[in-house]
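# Tertiary structure, described
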Amino acid sequence: MTTTDLIESFSHSIVPTYARFPLAFVRGKGSRLWDMEGREYLDFGTGIAVCSIGHAHPALAEAIARQAQTLIHTSNFYHTEPQAALAGKLVSLLGPGKCFFANSGAEANEALYKLARKFGHDSGRHEILTTLNSFHGRTLAGIAATGQDKVKKGFEPAVEGFRHVSFNDLNAVQQAVTDQTAAILIEGVQGESGIHPASPDYLRGLRKLCDDRRLLLFVDSVQCGMFRTGRFQSYQRILEVNSASPVPSSEFLPDAVSMAKGIAGGVPMGAVWIRQPYADLLGPGTHGSTFGGTPLACTAALAVFDVIEREKLADNARHLGDYLKSQITSLRSPHIREVRGLGLMIGVELQSNIPSLSVEGKTPASLLVLRLHEHGLLTIPAGNQTIRLLPPLNITRAEADEAVQKVCNALQNESGH
Ligand code: PLP
């Protein structure tokens, strides 16, 4: 079968929810993927920030195989060791609290919405404030929470109880709180809208606002978590004084954090950590998930944490992220408006006037992503003007240099396309 055959087969049998690029992959190893015709690509998308330790990492593959031969699944009516071990790991990294496991980011966020409703129920509050240009998932509540009209179109009426305010604007959120408000939800670094980190003052101000008005503060870490920014959580990186002194949890701690994507290295998993004293609000019968926290997924996540610690990948993400950002900036390309981000979560925003990236019905970002495919580099568009670099946390400096060269070549060729 060729890529063309496969694309034809998809057109007959797959619901066309994605505008897919004309690539079909069969194999991966480390930071590389190979397509059906045997062409090699450097993967700076990793799904979308999912394959956090690269493709086919032997430690992850071995852990999955071993667990698959032991116990893949039992119902959440029972207890299993991997689920307890993974919850213990998350609590040790985040603070005193408890965890709920699901299978995706949207589902992890759904647990946050239900937590907010339960929290506010007795005082008649149910509203959640989220931010403009945010992204929180594709379920009905997820698109209601998301601050982008394009995901909501055609699915009205929206789930009630979400309002959006400008991101990084403390005044706007202070003004928006009403006696109906139960919670505030932000991304530590907005991903889908083009890599926009929260400012330290915004985070501190939100914590104070939530304390003063007795609101829950939620951080959606689905894309920006799992060490991608150089620390486990992006807020830890944003608030750190220096890399050697982790921010004390007393200065800033959300009331709950949602996680997914990279947490199990590509095995589906969503997770929520809820801080005490709110961790028992969702009691027996109030929420659940058939597949949440299976021994297989939890073992995979534990193996990913193990690799990240053993191979010091938080530091690698920090240092190679800084390096990548500075190398792309120093290209001084007239086509690049800004390079921003934290660690290995980097956005390259394009100028709006690049002639060959101005095609009716296509965004400049998706056209550049397509052109980078010709150069053997996978990246992810974000918004209309930005491409995201989300490589594995274990990339090497040589791979970073290779990616920068490919971006440079693709933009240099721009007038020739
Ligand atoms: N939250 C954020 C910040 C995301 O970036 C995403 C996915 O891109 C989601 C939630 C939804 O995650 P999932 O696609 O696993 O449901």
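All values reported here derive from a predicted model rather than from experimental measurement.

## A word on the layout of surface pockets
One number sums up the size of the second largest pocket: a volume of about 850 Å³. What lines the second largest pocket is a set of 26 residues, among which Asn-76, Gln-83, Cys-99, Phe-100 and His-287 lie closest to the centre. Those elements that provide at least two residues to the lining of the second largest pocket are helix 4 (81-94) and strand 4 (97-102). The biggest single contributor to the lining of the second largest pocket is strand 4, with four residues.

## A word on the packing of helix 11 (residues 313-329) against helix 13 (residues 397-412)
For the pair helix 11 and helix 13, the least separation of the axes is 10 Å and the interaxial angle reads 25°. Taken as axis vectors, helix 11 and helix 13 run roughly parallel relative to one another. Every pair of crossing elements has a handedness; the one defined by helix 11 and helix 13 is right-handed. On helix 13, the residues that touch Leu-320, Tyr-323, Leu-324, Gln-327 and Ile-328 of helix 11 are Arg-397, Ala-400, Asp-401 and Val-404.

## Focus on unusual backbone geometry
For the bond running from Glu-156 to Pro-157, omega is 0°, close enough to zero to count as cis. Along the chain, the position of Pro-157 falls in the loop between helix 6 (140-145) and strand 6 (162-165). Cis geometry marks the peptide bond from Gln-276 to Pro-277, where omega comes out at 10°. Tracing the chain through its elements places Pro-277 in the loop between strand 12 (270-275) and helix 10 (295-310). Positive phi values are uncommon outside glycine, yet Arg-214 reaches one of about 55°. The residue Arg-214 is located in the loop between helix 8 (200-213) and strand 10 (216-220) in this model.

## Here's the deal with the nonpolar core
Ranked by size, the top nonpolar core spans 91 residues in total, and within it Ile-184, Met-259, Ile-263, Met-269 and Leu-324 carry the most contacts. The element contributing the most residues to this core is helix 10, with nine residues.

## Comments concerning the pattern of salt bridges
Inspection of every chain in the model, using the stated rule, returns 23 salt bridges. Close ionic contact of Asp-201 with Arg-204 constitutes a salt bridge, the shortest N to O distance being 3.3 Å. Of this pair, Asp-201 and Arg-204 both sit in helix 8, separated by three residues, roughly a single helical turn. Under the relative-accessibility criterion, Asp-201 is labelled exposed at 58%. Of the charged contacts in the structure, one is a salt bridge between Lys-208 and Asp-212, with a shortest N-O distance of 2.7 Å.

## Concerning the domain arrangement of the protein chain
Entries for the protein chain in the domain assignment read domain 1 (59-310) and domain 2 (312-390 + 402-417). Taken together, the contact between domain 1 and domain 2 spans 23 residues of the former and 19 residues of the latter. Of the roughly 1,700 Å² buried between domain 1 and domain 2 on both sides combined, carbon and sulfur atoms contribute 57%. Contact with domain 2 buries surface across domain 1, with Ile-195, Arg-228 and Arg-237 losing the most and accounting together for 37% of the total. Where domain 1 meets domain 2, there are three salt bridges. With a closest N to O distance of 2.8 Å, Glu-240 and Arg-318 form a salt bridge. Where the side of domain 1 that touches domain 2 is concerned, the elements lending two or more residues are strand 9 (196-197), helix 9 (234-239) and helix 10. No other element matches helix 10, which puts four residues into the side of domain 1 that touches domain 2.

What counts as what
Throughout, residues of each chain are indexed from 1 in the direction in which the sequence is written. Reporting in this predicted model follows two pLDDT cut-offs: at least 70 for local features of residues, and 80 or more for side-chain atom pairs to be given and counted; totals over whole chains, interfaces and linings ignore these cut-offs and use all residues. Working from all heavy atoms in the structure, the side-chain values ignore hydrogens and water. Both site types are read off a 1 Å grid over the protein atoms alone. A 1.4 Å probe that fits but cannot get out defines a cavity, while an open set with protein on both sides within 12 Å along at least five of seven lines defines a pocket; lining residues have an atom within 4 Å of a point. Grid points are joined across faces, edges and corners, and a volume is the space filled by probe spheres set on the points. Each helix is a run of H or I in the DSSP string that is no shorter than four residues. Each strand is a run of E no shorter than two, and both are numbered from the N terminus. Between N-to-C directions, angles span 0 to 180 degrees; the directions come from axes that are lines fitted to C-alpha atoms, helices contributing only their stretch in contact. Reported orientations rely on four angle classes, namely roughly parallel under 35 degrees, roughly antiparallel over 145, roughly perpendicular from 65 to 115, and oblique for the rest. Throughout, a crossing is termed right-handed when the near helix is turned clockwise from the far one, and left-handed when it is turned anticlockwise from it by less than a right angle. Only heavy atoms matter for contacts: two residues are in contact if any of them lie within 4.5 Å across the pair. Joining through side-chain atoms within 4.5 Å is the link that ties buried Ala, Val, Leu, Ile, Met, Phe, Trp, Tyr and Cys residues into a set, and such a set is a nonpolar core. Each residue is assigned to one of three classes by its accessible area relative to the maximum for its type, calculated with a 1.4 Å probe on protein chains only: buried under 20%, partly exposed between the two thresholds, exposed over 50%. A side-chain nitrogen of Lys or Arg and a carboxyl oxygen of Asp or Glu constitute a salt bridge if their distance falls within 4 Å. What counts as a domain boundary in this text is fixed by an automatic or database domain assignment. What gets called buried area is simply the loss in accessible area from a 1.4 Å probe that two parts show on being joined, summed for both.

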